[in-house]
Every structure is written in structure tokens, then in C-alpha cells.
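Listed here are the chains, written in short residue letters.
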Amino acid sequence: MGTNHRALVAALMTTTLIGLTAAPAAGATIVRGSLADGSGLETGAPDTATLDAESSASASPDTGRLNGTQTAANPIGGQLLGRRGLIVPAGIAPPPKTEASAFLIADADTGQVLAAKDPHGHYRPASTLKTLTAVTLIPKLDKDRWVKPSQWACNEEGSAVGIVPEPIYQIDDLMRAMLIVSGNDAADALAEANGSLAKTLADMNKEAKKLQAYDTVAKTPNGLDKPGQRSSAYDLALIARAGLAMPDFRKYVSTKTAKFPAPKDHGKKKDRDRQGDDDRESPTPTTTPPAYYEIANHNKLLGKYKGMIGIKNGYTTKALGSFVGAATRNGHTIIVVIMHHPGGFWEEVAKLLDWGFAADGKVTPVGELVKPAAPPTPKPSSLAVRHSPAAQAPVSGGGWTDHAPLVTAAVLGVGLAGALALGYGLRRRRRAADQP
């Protein structure tokens, strides 16, 4: 076969293989455009191409907003919630003024969003992120389990409950300390108890996606500022609503005061030496009973505002003040979230709660708190589909992907056969032309 003929056959085979690699894999799903801009996302998640432009459009320090002027093309909870300004229902006076850059008022029972401001804006959550830590870990950790924190957890900066690397704590103690006195050290110890910091962050981000809290990215279990960490008023409301459905979560956040284990009278050397540095996974309590000291909830409305359940406040110099809270009156529970508040916010939060109770059930909601995403439906293997009767039926729409292996085999076979036949024909013609 001549050089030109060999090159032609090689080109045909290459084209066939390129078509093969471009074909969808077995069981793949073709996502068709369903949004106004045609981008289409099967899960209903926002258009992350516009929502996640943090690196190129980070906010100036005076706004605290991490996604600049970007807004979601398909905002979770309703189109109105994609706005940055004040979002209020018609026929009622707007909520009282607040200095917060973002806020949201919602009915925790029905999920109706009653009013909001920049609900999907990305802001630093500070310690309000501990609500996600709790919602993630409460179902995973036995609250009666004994824990020995590492020295790393004990040395965490910021607000702390004052843990020591001794096996005197139960998960119950650490969860309560994390939520009522915002113990960053307690949050780290809980992350360790869940296996590791990396595993806990992965679990937290998985939980956020399950709740459809797509604005949220956890980089720490305690909320201390870290590049890339963020949340939104809408997401914190979703997380709070999920927490309120957990009896233990409600118990923790509504606790006014509690006793917390202290190392006093626990320091007999023979007891401490029984626990090595590597036995944090299953330490046993010492025979010497620990002492206790009292801790008090940081929520200043607890016990003062009628029906206050609690939840969580937070502050860092970059995040400024943040708060997510809930109160119940006359069988209705109202959630209020504020983010990036420059000063004292307790009076403003109380007024926002008052407005929520007054408006609840009397106005057309401006959006909704969505339910957790349904778990993905398992798909049959390509082998099972190939041998099932349904596989022989005509295919409509985009369902052809289940037959990708057969189509690929057919394309490959035809391509190779065509290339070989062409090469063979050209070779015979050359031989015929060479004969005398």
C-alpha cells in the first residue's frame, strides 16, 4: 500500500476514534437547558458561573459581600430572592430598618419567606456557621461518648470554652459549649471526634448541598474567617430550619446556663498517664470525678424576648456581626437572619421578629425555604439495560444515552470496516494497474 493510501486509512480510523471519545459514557445524562438563559441545572442549583465569581469580583471592605455585583440566574427559593435590595410583600409596611447588609425573615413551619434583603449575597458567616457543624454532627456522634481533645483543638484562637487534653468531656458537653458560648475549641474537638478535620469539612459541605444551601462553603468547623468560606442569609435560614427539626439541637440552643467539666481535681498523675496521646478515639473516663464551672448562653434575647428559642450569633472583624435566631408564638415559629452588621443588633432583631409575627399568614410570601434535595435515584447498570426488554423499545428524547455502548460499538465497527475495505480496494486497484 502506498504512503498516501496508508495516510488516508489512518485518517479515517482517527476520525472514528475521535467520534468514540466524544460519545457519552454509559448511563450518562444529557442535561438540557431549563433556565431562562438556557443553562439548565438538573438539581435546581443556581447558575454557579455567575454566582461564584468571587475571585474576580470580591467585595470592598465596606460591603462585606463576597460575590460583588453577581446574582444568581436561577435563585433558590424564588425569582424575587435574586434581588440585592429590599424585598417585601405588597400591602404592608416594610420591616423595621436594620444596619445589616443582608437579612431574611421566614416562617419556619411553612417555609414562607416574608421579607429579605440581599438573601443570596455571599458573606462571611463567623460563628453562625457552627449551626451547620451541629446539624451535620448531631446525627453522626453519640452524645454520651467520651472524648479526649487534642492539644491543637485546645489551643484554638478566638472564643473558647477552655477545654484541656483530658478525657473528661462527652460529645454532649462539647456540642452545648459550641452552641451556647461559641467555643471554637469545642467545635474543633467535635470535628476530631468525627474522624478528622478534613472529613468533617467534607461532611459539612455535603450536608449544605443536601439542604440546597448552595451559597455555603465551609472551610472551618468553627466559623473563623478563612479564604473561600461563605454563606448567605437564605442558607443560614435553611440550616436553622433543619436544626429546629432536631430535638437535641433545639435543646442546646435554648439552654440558658449549663455546667461544663473542668480539669480541677482531675489531675492525679496516675489517672492522666492511663490515657496516651493516641487513644482519643475511645478514651474512658477517669475514676476521679471532674469538677464543673458554669457557662451562659451568648444570646441576649434568650429569656428576654417572648417565645425566644435561641440559635446562634457570631462576630469577627471581617464578618462583623451575624445572627440566626428563632422564636415561637401562638403556634408559629419565625426565623430571622442578619449578616454583616456593624454594631449592636439585638434590638433590631427583636423588631424584625415582631414584624414577622405580625405579617405571618397575612401577606403573600416573597419566596420559600426549599426542602432538602431528594437523594439521587440509582440508575441500572448498562449491562442490565442492554439485556432488558425495555432496551429494545424505541428511544425518544434524550434517553439514547442508555444505549451508548451499542451505538459506540456500531460506529467503531462501521468505521473500521470502511477503512479496511477502502484500503483493500485501493491496494487491489494498484496491483491491477501494475499488471502487464
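Conventions and cut-offs
- Numbers given to residues run from 1 along each chain, matching the order in which its sequence is written.
- Reporting of local features is limited, given that this is a predicted model, to residues whose pLDDT is at least 70; pairs of side-chain atoms are given and counted only at 80 or more, and all residues count toward the totals for whole chains, interfaces and linings.
- Values reported for side chains reflect all heavy atoms of the structure, with hydrogen atoms and water molecules removed beforehand.
- Helix and strand definitions follow DSSP, with helices as H or I runs of at least four residues and strands as E runs of at least two, each counted in order from the N terminus.
- Each helix should span, by expectation, one fewer than its residue count multiplied by 1.5 Å.
- Accessibility here uses a 1.4 Å probe with only protein chains present; expressed as a share of the type maximum, an area under 20% marks a residue as buried, one over 50% as exposed, and anything in between as partly exposed.
- As used in this structure description, the phrase polar contact means that two N or O atoms lie within 3.5 Å; if the pair is within protein, one of them must be able to donate a hydrogen and the other to accept it, and residues adjacent in sequence are counted only when both atoms belong to side chains.
- By definition in these notes, contact holds between two residues if any of their heavy atoms fall within 4.5 Å.
- UniProt positions are given in the numbering used here, feature names are shortened, and annotations may be inferred rather than shown by experiment.
- Just to be clear on terms, a salt bridge is a Lys or Arg side-chain nitrogen sitting within 4 Å of an Asp or Glu carboxyl oxygen.
- At least two DSSP bridges between two strands are required for those strands to pair.
- Ring pairs are drawn from Phe, Tyr and Trp, using the six-membered ring of Trp, whenever the two centres fall within 6.5 Å, and their geometry is named by plane angle: stacked under 30 degrees, edge-to-face over 60, tilted for the rest.

**Q** What am I meant to see in helix 8 (residues 233-244) here?
**A** Side chains three or four residues apart in an α-helix point the same way, a direct result of the helix having 3.6 residues per turn. The first and last C-alpha atoms of helix 8 sit 16 Å apart over twelve residues, in line with the 16 Å expected at 1.5 Å per residue. Within helix 8, twelve of the twelve residues are buried, which leaves it mostly tucked inside the rest of the structure.

**Q** Would you mind showing me how to read the side chain of Ser 182 here?
**A** With respect to the helices, strands and loops of the structure, Ser 182 is situated in the loop between helix 5 (171-180) and helix 6 (184-193). A relative accessible area of 4% means that Ser 182 is categorised as buried. In terms of polar contacts, Ser 182 uses its side chain to reach the side chain of Lys 130, at 3.1 Å. With near-sequence residues (within four places) excluded, Ser 182 lies in contact with Ser 127, Lys 130, Ser 159, Ala 177, His 298 and Lys 312.

**Q** For this particular structure, what's the right way to read the UniProt feature "active site" (unreviewed entry) in the protein?
**A** Residues given the UniProt feature "active site" (unreviewed entry) here are Ser 127, Lys 130 and Ser 182. Across 56 residues, the annotated set stays spatially compact, with a maximum C-alpha separation of 7.9 Å. On the secondary structure map, Lys 130 appears in helix 3 (residues 130-137). Apart from residues lying up to four places away in sequence, Lys 130 is in contact with Met 178, Leu 179, Ser 182, Gly 183, Asn 184, Ala 187, Pro 221, Asn 222 and Lys 312.

**Q** Looking at this structure, how should I read the pattern of salt bridges?
**A** Pairing between side chains becomes possible if they bear opposite charge and their charged atoms approach one another. Here the structure, examined in full by the defined rule, presents nine salt bridges. Lys 199 is paired through a salt bridge with Asp 203; the nearest N and O atoms lie 2.9 Å apart. With Lys 199 and Asp 203 both in helix 7 (residues 197-210) and four residues apart, the pair spans about one turn of that helix. Residue Arg 329 is joined to Asp 354 by a salt bridge in which the shortest nitrogen-to-oxygen separation is 3.7 Å. One end of the pair, Arg 329, is in strand 9 (residues 320-329); the other, Asp 354, is in helix 11 (residues 346-359), and 25 residues separate them in sequence. Residue classification places Arg 329 among the partly exposed residues on the basis of a relative accessible area of 21%.

**Q** Help me understand the pairing of strand 2 (residues 102-107) in this model?
**A** Successive residues of a regular strand alternate their side chains across the two faces of the sheet. Burial analysis of strand 2 places six of its six residues in the buried class, the great majority of the element. By the alternation rule, side chains of strand 2 split into Ala 102, Leu 104 and Ala 106 and Phe 103, Ile 105 and Asp 107, which are all buried. When strand 2 meets strand 10 (residues 332-341), the two strands line up antiparallel, connected through six bridges. Within the sheet, the bridge partner assigned to Ala 102 lies in strand 10 and is Met 339. With four bridges joining them, strand 2 and strand 3 (residues 112-117) adopt antiparallel strand pairing. Each bridged residue has a counterpart across the sheet, and for Leu 104 the counterpart in strand 3 is Ala 116.

**Q** I keep staring at the packing of aromatic side chains and nothing clicks. Help me out?
**A** Working definition: an aromatic ring pair is given by the centre-to-centre distance plus the angle between the planes. What the rule picks out here adds up to five aromatic pairs. Ring geometry for Tyr 169 and Phe 260: centres 5.3 Å apart, planes at 25 degrees, overall stacked. Taken together, the residues Tyr 169 in strand 5 (residues 169-170) and Phe 260 in strand 6 (residues 257-262) connect sequence positions 91 residues apart. Take Tyr 169 and Phe 260: they sit in the same class, and that class is buried. Plain terms: the ring middles of Phe 345 and Trp 346 are 4.8 Å apart, the flat faces sit at 45 degrees to each other, and that makes the pair tilted. Take Phe 345 and Trp 346: they sit in the same class, and that class is buried.

**Q** What is the right way to look at unusual backbone geometry in this model?
**A** One can expect most non-glycine residues to show negative phi and most peptide bonds to be in trans. At Asn 330, a residue that is not glycine, the phi angle is positive and equals roughly 50 degrees. Following the sequence through the fold, Asn 330 ends up in the loop between strand 9 and strand 10. One non-glycine residue with positive phi stands out, namely His 340, at about 55 degrees. Among the structural elements, His 340 can be located in strand 10. Relative accessible area serves as the criterion here: at 5%, His 340 is assigned to the buried category.

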